[in-house]
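Read off the chains here:
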Amino acid sequence: MQHTRTAIVTGGAQGIGKATVMRLLTEGWQVVMADVDAEAVADAAAELQPSDRLLGITCDVGREAEVESLIAQAVSRFGGLDLLVNNAAILRNGPLSTLSLEDWNAVLAVNLTGPFLCSKHAAPHLGATGGSIVNIGSTRALMSEPDTEAYSASKGGVAALTHALAMSLGPQVRVNCISPGWIEVSAWKKRSARQVPGLSEADHAQHPVGRVGRPEDVAALVAYLASSDAGFITGQNLVVDGGMTRKMLYVE
């Protein structure tokens, strides 16, 4: 009998996380959808099918006790763990002069400490199945807009954490990072916050591929990296940005 694979997706109730949960479900995975937003968890759980392979859990990944509970519930419900997708992230952007230590620490707690804690507690279970970790980073690890110090630093940390984990957990567990660029998530939010994307022709045209990114673009790469086809890939940061970080921009 073929083994049914199990995944945990943090920040899984909206945006890229929700698209990833949907993609994995369509490929036959059992999925634990973890998110700090209880309303979003309830919304997504009601929308996504099949529900018998989906478990929604409210969890703050910056709190170790909640992470331990998340991993334990996943293993108890589905019998093991094959994939961890560290996607949960928050923003606290603003001028450096007014960026508080509280906001700085809050961003790092979720965006960087969260992946560390989830990886730490999931690692024994992933090692038992020969599983993998996919961290969701950002092109902000490579380039920045003004007033994004906390977010950019956290995502730079995720990229470095990825190759450190790959060395520590290999060969049993592969670890990779995906760094998305502009991904339009308005239509992938919880119902109370959902909007029709307001994209212009110029928004699409500035990307070398001719369009703004979609959550499905990232979800497809998560599914690939979790598959046996990616068995020779570990410690990598894969940029999914429509070519924007390779585009030279000059004011003429």
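Shown above is the structure to which this text applies.
The rules we used
Residues numbered from 1 in each chain as written. Predicted model: local features only at pLDDT ≥ 70, side-chain atom pairs only at ≥ 80, totals over all residues. Heavy atoms only, no water. Helix = DSSP H or I, 4+ residues; strand = E, 2+ residues; numbered from the N terminus. Contact = heavy atoms within 4.5 Å. Areas by Shrake-Rupley, 256 points an atom, 1.4 Å probe, with all protein chains shown as cover. Lys, Arg positive; Asp, Glu negative; His and termini not counted. Charge placed at Lys NZ, Arg CZ, Asp CG, Glu CD. Core = buried A, V, L, I, M, F, W, Y, C linked by side-chain atoms within 4.5 Å. Buried < 20%, exposed > 50% of the residue type's maximum accessible area, 1.4 Å probe, protein only. Pairing = 2+ DSSP bridges. Right-handed = clockwise from strand over helix to strand, strands pointing away. Axes fitted to C-alpha atoms, helices over the stretch in contact; angles between N-to-C directions. Parallel < 35°, antiparallel > 145°, perpendicular 65-115°, else oblique. Left-handed = near helix turned anticlockwise from the far one by under 90°. Nonpolar A, V, L, I, M, F, W, Y, C, P; charged D, E, K, R; others polar.

Caption draft 1: View of the overall build of the chain. Regarding its fold elements, the chain presents seven helices and seven strands. Going from the N terminus to the C terminus, the chain shows its helices and strands as β-α-β-α-β-α-β-α-β-α-β-α-α-β. Across its three principal directions, the C-alpha atoms of the chain cover 60 × 35 × 35 Å. Considering only residue pairs separated by 6 or more positions, the chain has 71% of its internal contacts joining residues 24 or more positions apart. Accessible surface, the chain: about 12200 Å² in total, of which carbon and sulfur atoms supply 54%. Both charge centroids of the chain, one from 19 positive and one from 25 negative side chains, sit 4 Å from each other.

Caption draft 2: Highlighting the nonpolar core. Residues Ile 8 and Val 32 are the most contacted members of the largest nonpolar core, which totals 29 residues. Looking at this core, the elements with two or more residues in it are β2 (30-35), β3 (54-58), α3 (64-78), α4 (101-129) and α5 (149-169). Other than its neighbours up to four places away in sequence, Ile 8 contacts Val 32, Leu 70, Ile 71, Ala 74, Leu 81, Leu 83, Leu 84 and Val 85.

Caption draft 3: Highlighting the pairing of β2. Of all six residues in β2, six are buried; the element is thus mostly enclosed. With five bridges joining them, strand β1 (residues 6-10) and β2 adopt parallel strand pairing. Bridge assignment links Val 9 to a residue of β2, and that residue is Met 33. Traced from β1 through helix α1 (residues 15-26) to β2, the parallel crossover comes out right-handed. Examined bridge by bridge, β2 and β3 share five bridges and lie parallel to one another. Its bridge partner being in β3, Val 31 is matched across the sheet by Leu 54.

Caption draft 4: Focus on the sheet that holds strand β6 (residues 174-180). Taken in spatial order, the seven strands of this open sheet run β3-β2-β1-β4-β5-β6-β7, and their pairing is parallel. In this open sheet, the two edge strands, each paired with only one partner strand, are β3 and β7 (237-240). Between one strand axis and the next, the sheet turns by 15 degrees as a mean value, whatever way the strands run. Of the strand pairs in this sheet, β6 and β7 are connected by four bridges, and their pairing is parallel. Residue pairing across strands places Ile 178 opposite Leu 238, the latter belonging to β7.

Caption draft 5: Quick peek at the packing of α1 against helix α7 (residues 215-225). Where α1 meets α7, the closest approach of the two axes is 8 Å, and the angle between their N-to-C directions is 50 degrees. Relative to α7, α1 is oriented oblique. In this structure, α1 meets α7 at a crossing whose hand is right-handed. Within the contact between the two elements, α1 uses Gly 15, Ile 16, Ala 19, Thr 20 and Arg 23 and α7 uses Pro 215, Glu 216, Val 218, Ala 219, Ala 220, Val 222 and Ala 223. Looking at the contact of α1 with α7 residue by residue, the classes come out as eight nonpolar, two polar and two charged.

The values reported here are purely geometric and, on their own, carry no functional implication.
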